[in-house]
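Observations on chain architecture
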Amino acid sequence: MSAPQDAFAATLGVDVAGHGGGRAEARVVVTGDHLNPHGTAHGSFLFSLAGIALAAAANDAEHSGVVSAVHIDYVSPARAGDTLVATAEVAERLAKEDLFVVRVTSGEKLVARANGRANRRVRAAGPTG
């Protein structure tokens, strides 16, 4: 399944790959538009990047996942020019929801780490015939 269009991700310049199946990756180069007054990547930008990867990992051809909670820890700063990669992976499959871990890195440096949960519903069959 190809990733559905994510207008917000496109607005931020985020490219999503490896969509679905409990794993996804979101990649972006930090620009001046992503910075806070301290000259580092804005926390809401990092949260959005992690959330975009999480949402992509929670959705696939079989399941429709809706994120219900996210907790993020900001570990180290990112600056303009840094390439950030958010990798989301399902850590636990429960009866009706999945728990995910998302790592945002710049090279070998951990920038942020998030935990999230998403409900898991079987996609309705499309029209036939």
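Reference entry: report on the structure contained in this document. (Residues numbered from 1 in each chain as written. Predicted model: local features only at pLDDT ≥ 70, side-chain atom pairs only at ≥ 80, totals over all residues. Heavy atoms only, no water.)

A few words on the overall build of the chain. Across its full length, the chain holds 2 helices and 6 strands. When the helices and strands of the chain are listed from N to C terminus, the series reads α-β-β-α-β-β-β-β. Taking 14 Å as the expected radius of gyration for a compact globule of 129 residues, we find that the chain reaches 15 Å, a close match to that expectation. With respect to the three principal axes, the spread of C-alpha positions in the chain is 55 × 30 × 20 Å. The contacts in the chain between residues at least 6 apart in sequence include a share of 62% that link residues at least 24 apart. Surface summary for the chain: the accessible area is close to 7,100 Å², and the carbon and sulfur share equals 53%. (Helix = DSSP H or I, 4+ residues; strand = E, 2+ residues; numbered from the N terminus. Rg over C-alpha atoms; globule rule 2.2 N^0.38 Å. Contact = heavy atoms within 4.5 Å. Areas by Shrake-Rupley, 256 points an atom, 1.4 Å probe, with all protein chains shown as cover.)

All right, on to a nonpolar patch on the surface then. Together, Phe47, Val67, Val70 and Tyr74 make up an exposed nonpolar region whose accessible area comes to about 310 Å². Tallying contributions element by element places strand 3 (residues 63-74) first for the nonpolar patch, with 3 residues. Turning to its location among the elements, Tyr74 is positioned in strand 3. (Patch = residues over 30% accessible without salt bridge, like charges linked within 9 Å, V, L, I, M, F, W, Y side chains within 5 Å. Salt bridge = Lys/Arg side-chain N within 4 Å of Asp/Glu carboxyl O.)

A few words on the side chain of Asn36. One can find Asn36 in the loop between strand 2 (23-29) and helix 2 (43-58). Since its relative accessible area comes to 18%, Asn36 is described here as buried. Contact partners of Asn36, with chain neighbours within four places excluded, come to Ala41 and His42. (Buried < 20%, exposed > 50% of the residue type's maximum accessible area, 1.4 Å probe, protein only.)

Another aspect to go through is the pattern of salt bridges. Here the structure, examined in full by the defined rule, presents 5 salt bridges. Residue Arg27 pairs with Glu25 through a salt bridge whose shortest N-O separation is 3.0 Å. On the basis of relative accessibility, which here comes to 39%, the residue Arg27 falls in the partly exposed class. Residue Arg93 is joined to Asp98 by a salt bridge in which the shortest nitrogen-to-oxygen separation is 2.6 Å. When salt bridges that share partners are traced, they join Arg93, Asp98 and Arg120 into one network.

Another aspect to go through is the sheet that holds strand 6 (residues 109-122). Spatially, 1-2-4-5-6-3 is the arrangement adopted by the 6 strands of the open sheet, whose pairing is antiparallel. Looking at which strands have only one partner, the edges of the open sheet turn out to be strand 1 (15-17) and strand 3. Strand after strand, the sheet turns through a mean of 25 degrees between neighbouring axes, direction not considered. Strand contacts of helix 2: strand 1, strand 2, strand 3, strand 4 (83-93), strand 5 (97-106) and strand 6, with the helix running at about 150 degrees to strand 3, the strand carrying the most contacts. (Pairing = 2+ DSSP bridges. Axes fitted to C-alpha atoms, helices over the stretch in contact; angles between N-to-C directions.)

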